[in-house]
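Geometric and topological summary
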Amino acid sequence: MPLIDSVYIVTGGTSGIGKEIARELVINFATVIITGRDKTKLKSVAKEINAIYYHADVTDDVQINSLFNYTLRKFGRLDGIINNAGIGDWCPVEEVTRKRLQNVFDVNVYGAAMMTARAAVHFKKQKKVILSILLLQLQQKVMQTELFMQRQNLL
Ligand SMILES: NC(=O)c1ccc[n+]([C@@H]2O[C@H](COP(=O)([O-])OP(=O)(O)OC[C@H]3O[C@@H](n4cnc5c(N)ncnc54)[C@H](OP(=O)(O)O)[C@@H]3O)[C@@H](O)[C@H]2O)c1
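This text gives an overview of the structure that appears in the document. (Residues numbered from 1 in each chain as written. Predicted model: local features only at pLDDT ≥ 70, side-chain atom pairs only at ≥ 80, totals over all residues.)

**Some thoughts on the overall build of the protein chain**
Within the protein chain, the secondary structure is distributed over 5 helices and 5 strands. Along the protein chain, helices (α) and strands (β) appear in the sequence β-α-β-α-β-α-β-α-β-α when read from the amino end. Nonlocal contacts in the protein chain, meaning residues at least 24 apart in sequence, comprise 61% of its contacts between residues at least 6 apart. (Helix = DSSP H or I, 4+ residues; strand = E, 2+ residues; numbered from the N terminus. Contact = placed C-beta atoms within 7 Å.)

The following block contains the structure:
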């Protein structure tokens, strides 16, 4: 489906799944804004896949607001967001700490939730797309943790 004139934000669009989603959107004629924390990576990937970049950390509400303000000011529209930014912190269960969990939740859960909340303000007016990659990941992680705990006879 050609996406001419449509505008998408892909969080964490500088590598892996996010980069490939962004690339596909661009190939299908969408304008794509990729985000991430590493400015050098942002610049080079944006050049490589012909996207636009915006430096924004999803754990920072001020940066999320700036990202939406920039997008709407520059392009006058937004058709979808791909909540893809995420981190993994795998360790044996006995090494889990509250701080480690908080870091993961801050990016993978609260970051996506705040992006969605901000997009919803705009998307209320028109039907648009919000795709959250990390909710799939969260379900997968919970299942893996349960499996691990079952194997260790902890559940
Ligand atoms: N790969 C898998 O097998 C798999 C399986 C299930 C779910 N997932 C989920 O799918 C998503 C993509 O996975 P991936 O393997 O493609 O990840 P990846 O290659 O590690 O890429 C993660 C992206 O997120 C960005 N990022 C990380 N923290 C961020 C933050 N606070 N704010 C903004 N951007 C941030 C990274 O850029 P910077 O570091 O520059 O910020 C990078 O662009 C993630 O949410 C991941 O958890 C992956």
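Let's pick the thread back up.
**Things to note about helix 4 (residues 98–123)**
One full turn of an α-helix is made of 3.6 residues, so residues set three or four places apart face in the same direction. Residue D106 marks the point of greatest curvature in helix 4, where the axis turns by about 40°. All buried positions along helix 4 are accounted for by V107, N108, G111, A112, M115 and A119. (Bend = angle between axes of the 7 residues up to and from the residue. Buried ≥ 20, exposed ≤ 12 C-beta atoms within 10 Å, placed from the backbone.)

**Concerning the pairing of strand 2 (residues 31–36)**
Along strand 2, 6 of the 6 residues are buried, which leaves the element largely enclosed by surrounding structure. Here strand 2 shows a buried face lined by T31, I33 and T35 and a second buried face lined by V32, I34 and G36. Pairing of strand 1 (residues 7–10) with strand 2, which is carried by 4 bridges, proceeds in the parallel orientation. Along strand 2, the bridge assignment pairs Y8 with V32. A crossover connection joins strand 1 to the parallel strand 2 through helix 1 (residues 16–27); in handedness this β-α-β unit is right-handed. The pairing of strand 2 with strand 3 (residues 52–55) spans 4 bridges and is parallel. By the bridge assignment, T35 is partnered in strand 3 with Y54. In this view, the connection linking strand 2 to its parallel neighbour strand 3 by way of helix 2 (residues 39–49) has right-handed handedness. (Pairing = 2+ DSSP bridges. Right-handed = clockwise from strand over helix to strand, strands pointing away.)

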